[in-house]
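Here are the chains, one letter per residue:
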Amino acid sequence: MTGAPASAAGGSPSAKGTAGAPGVPGDSKPARGGKLGAAAVNQASLWNIANILTMIRLVLVPGFVALMLADGGYDPVWRAWAWAAFAVAMITDIFDGHLARTYDLVTDFGKIADPIADKAIMGSALICLSSLGDLPWWVTCVILGRELGVTLLRFVVIRYGVIPASRGGKLKTLAQGTAVGMYVLALTGGLATLRFWVMAVAVVLTVVTGLDYVRQAMVLRRDGIAARRAAAAEAER
């Protein structure tokens, strides 16, 4: 028995028998339905909560830039709204990765879009701040150069393995988000002095963790090459 309802086969016993016979076109209908069902499930999996948070972060980037540069870029009210958009983006960055890993919501879209969204919101904030004269360009170049360099390095060593996120890297991200957020706000007095030191810590962590990532990448590549050579030598025996 095929388990197909009689109505799907025209309602007659002979039709049901034909649907179950091998080599008959009617036999392919359940298979096609199964493929369509699987495709629908895969498509629906794209719209999970982790990916939605990533999409929100991507949408926030142009909105943040518009708020940041509104009215010449120096209005405290617009800067406060820009800070709110930046804060939401940073919060979604914390939760989307955690949700994806915890509830097995990792998708190809998320793997590509998540780092793009991270760098887009941080990069746009740094560039806006430097273009307004609030932050030296060398700070923006150091932070963005490190992030882009690490991304390229990941592609270089991916064949040998993946370098896990370190505690220093997480502290770096926290320091960068806090410092940039403080610079987005129109702070004065002691808070303006405090944000300078928070940014100084963020820059130090950016450089130190970047150098450590290079070291780990070199070790991973060396060990990977050694393992391949050992495997090749073992196969020749």
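Higher on the page you've got the structure.
Overview of the structure. (Residues numbered from 1 in each chain as written. Predicted model: local features only at pLDDT ≥ 70, side-chain atom pairs only at ≥ 80, totals over all residues. Heavy atoms only, no water.)

Quick look at the packing of aromatic side chains
At step 1: This structure, assessed with the given rule, holds two aromatic pairs.
At step 2: For the pair Phe64 and Phe86, a centre-to-centre distance of 5.9 Å together with 45 degrees between the ring planes defines the contact as tilted. Of this pair, Phe64 sits in helix H3 (residues 49-69) while Phe86 sits in helix H4 (residues 76-102), and the two are 22 residues apart along the sequence.
At step 3: Using a relative accessible area of 0% as the deciding quantity, one classes Phe64 as buried.
At step 4: Residue class for Phe86 comes out buried when judged on its relative accessible area of 2%.
At step 5: Aromatic pair Phe196 and Trp197: ring centres 5.2 Å apart, planes at 80 degrees, arrangement edge-to-face.
At step 6: On the basis of relative accessible area, Phe196 is assigned to the partly exposed category, the value being 46%.
At step 7: Here Trp197 falls in the exposed class, since its relative accessible area comes to 54%. (Phe/Tyr/Trp six-rings, centres within 6.5 Å; stacked < 30°, edge-to-face > 60°. Helix = DSSP H or I, 4+ residues; strand = E, 2+ residues; numbered from the N terminus. Buried < 20%, exposed > 50% of the residue type's maximum accessible area, 1.4 Å probe, protein only.)

Brief notes about unusual backbone geometry
Residues apart from glycine generally show negative phi values, whereas peptide bonds are mostly found in trans.
At step 1: Positive phi, normally seen in glycine, also occurs at Asp71, with a value near 55 degrees.
At step 2: For Asp71, the position within the fold is in the loop between H3 and H4.

Side note on helix H6 (residues 137-157)
At step 1: The terminal C-alpha atoms of H6 lie 30 Å apart, and with 21 residues this matches the ideal 30 Å at 1.5 Å per residue to within 8%.
At step 2: Among all positions in H6, only Val139, Thr140, Ile143, Arg146, Glu147, Val150 and Val157 are buried. Along the axis of H6, the buried positions cluster into a sector of 165 degrees, meaning they face one direction only. Seen from the buried face of H6, the exposed residues on the opposite side, beyond 90 degrees, are Trp138, Cys141, Leu148, Leu152 and Phe155.
At step 3: Those residues of H6 hidden inside the fold are in contact with helix H5 (108-131), helix H7 (167-184) and helix H8 (190-236). (Expected span 1.5 Å × (residues − 1). Arc of directions from axis to C-beta. Contact = heavy atoms within 4.5 Å.)

Some words on the side chain of Thr92
At step 1: Examined against the element boundaries, Thr92 turns out to sit in helix H4.
At step 2: For Thr92, a relative accessible area of 7% corresponds to the buried category.
At step 3: Contacts of Thr92, omitting those with residues within four sequence positions, involve Leu53 and Arg57.

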